[in-house]
Amino acid sequence: MTSLQYRQRSFPSSARFTVGRDHHGWWVVQDRLRRIGGLFANEDAALHFAAGESDHNPAEVCRAPEGVCVELEPAARTRPARSGARRAGSRQHSRA
C-alpha cells in the first residue's frame, strides 16, 4: 500500500486530485482542471500516481467516497484565437 495518507473529504473536494472508480470499475485519477490523470488497474497504482504528481502532499489528494463514480473527462476545449482575425479599420482584399 502506498505511504500517502489520504483523507476521505466531502465530495467534491478542493484537493488537486480525486481518486476513485469509474462506472467500469477502473481506478481513475483526475486533477480538478481535468488536465492530468489516467486509468489504473488498482488503487495503489492510482494513489502512487496522484502522490507523485502532488509532491507527496496528502492534502492534495482526495479519495472519492465508496459508490461515487469518478469519470475520466477531457479538459474543456477553448477555441484558439484566429490568426487571420481582422483588426478594426483594416481592409480585407479578395482575390478574383
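This text follows the structure it describes.
Note that the structure is a prediction, hence the values are computed from the model and not measured.

**Regarding the pairing of strand β3 (residues 37–40)**
Moving residue by residue along a regular strand, the side chains alternate between the two faces of the sheet.
Phase 1 of the analysis: Burial along β3 is one-sided: G38 and F40 are buried, and none of G37 and L39, which face the opposite way, are.
Phase 2 of the analysis: Where strand β2 (residues 27–31) and β3 come together, four bridges link them in antiparallel fashion. Within β3, the residue paired with V28 across the bridge is L39.
Phase 3 of the analysis: Connecting the antiparallel pair β2 and β3 is a turn made up of five residues, with R34 showing a positive phi of about 60 degrees.

**Description of the sheet that holds β2**
Phase 1 of the analysis: In space, the four strands of this open sheet follow the order β3-β2-β1-β4, with mixed pairing throughout. Looking at the sheet topology across the chains shown, the edges are occupied by β3 and β4 (61–63). This sheet shows a mean twist of 15 degrees between the axes of neighbouring strands, independent of strand direction.
Phase 2 of the analysis: Here strand β1 (residues 17–21) pairs with β4 via three bridges, running parallel. Bridge pairing in β4 links T18 to C62.

Definitions and cut-offs
- Residues numbered from 1 in each chain as written.
- Predicted model: local features only at pLDDT ≥ 70, side-chain atom pairs only at ≥ 80, totals over all residues.
- Heavy atoms only, no water.
- Buried < 20%, exposed > 50% of the residue type's maximum accessible area, 1.4 Å probe, protein only.
- Helix = DSSP H or I, 4+ residues; strand = E, 2+ residues; numbered from the N terminus.
- Pairing = 2+ DSSP bridges.
- Axes fitted to C-alpha atoms, helices over the stretch in contact; angles between N-to-C directions.

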